[in-house]
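Chain by chain, the residues:
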Amino acid sequence: MFCNTCERYVELKRKQIDQKYHELWFFFVFLTFGFGYLIFLIVKYRKRKNSCPYCEDIFDLNNIQEGPIG
Ligand SMILES: [Zn+2]
């Protein structure tokens with residue numbers, strides 16, 4: 001996928017949940033006896049794999065302009 005912002009080909013990824021919040025999530029899961037973990041998964045996988053890893057620009061996957069990789 002070509003990122004117009006970075007002007008380079010990039011590997012798309014999901015927006016990551018920030019690492020520094022993982023401890024908060026752990027406490028949340030602990031306090032909710034595991035129920036929070038389900039919410040964590042929902043939050044994590046509702047994010048589509050459509051963002052640039054460098055500028056976090058969101059691509060419109062319905063309007064893909066694929067090109068040769070590299
Ligand atoms: Zn980019």
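If you're wondering where the values come from, they're calculated on a predicted model, not measured in any experiment.

Another aspect to go through is the overall build of the protein. Summing up its helical and strand segments, the protein has two helices and two strands in all. The order of helices and strands in the protein, counted from the N terminus, is β-β-α-α. By residue count, 1% of the 70 residues in the protein fall in the buried class. Considering only residue pairs separated by 6 or more positions, the protein has 69% of its internal contacts joining residues 24 or more positions apart.

Attention now goes to the environment of Cys52. By the secondary structure assignment, Cys52 is in the segment after α2 (35–46). The exposure class assigned to Cys52 is buried, which follows from the 21 C-beta atoms found within 10 Å. For the pair Cys52 and Glu11, spaced 41 residues apart in sequence, the C-alpha separation works out to 7.1 Å. With near-sequence residues (within four places) excluded, Cys52 lies in contact with Cys3, Thr5, Cys6, Val10 and Asp57.

For the rest of this paragraph, the subject is the packing of helix α1 (residues 22–31) against α2. Relative to each other, α1 and α2 sit at 135°, their axes nearing to 6 Å. Here α2 runs oblique to α1, going by the angle between their axes. Along its contact with α1, which presents Trp25, Phe28 and Val29, the element α2 presents Gly36, Tyr37 and Phe40.

With zero of ten residues buried, α1 is to be regarded as a mostly surface element. Backbone geometry just after α1 places Phe33 at a positive phi near 55°.

If you check α2, its first and last C-alpha atoms are 17 Å apart, about what twelve residues at 1.5 Å a residue would give, namely 16 Å. Little of α2 sits out of view: just zero of its twelve residues are buried.

This paragraph deals with the confidence of the model for the protein. Keep in mind that low pLDDT regions are not for reading the predicted coordinates in detail. Looking at the protein as a whole, its pLDDT mean stands at 76, while 79% of the residues score no less than 70. Per-element averaging of pLDDT across the protein places α2 at the bottom with 80 and strand β2 (residues 8–9) at the top with 87.

What counts and how
Residues numbered from 1 in each chain as written. Predicted model: local features only at pLDDT ≥ 70, side-chain atom pairs only at ≥ 80, totals over all residues. Helix = DSSP H or I, 4+ residues; strand = E, 2+ residues; numbered from the N terminus. Buried ≥ 20, exposed ≤ 12 C-beta atoms within 10 Å, placed from the backbone. Contact = placed C-beta atoms within 7 Å. Axes fitted to C-alpha atoms, helices over the stretch in contact; angles between N-to-C directions. Parallel < 35°, antiparallel > 145°, perpendicular 65-115°, else oblique. Expected span 1.5 Å × (residues − 1). pLDDT = per-residue confidence, 0-100.

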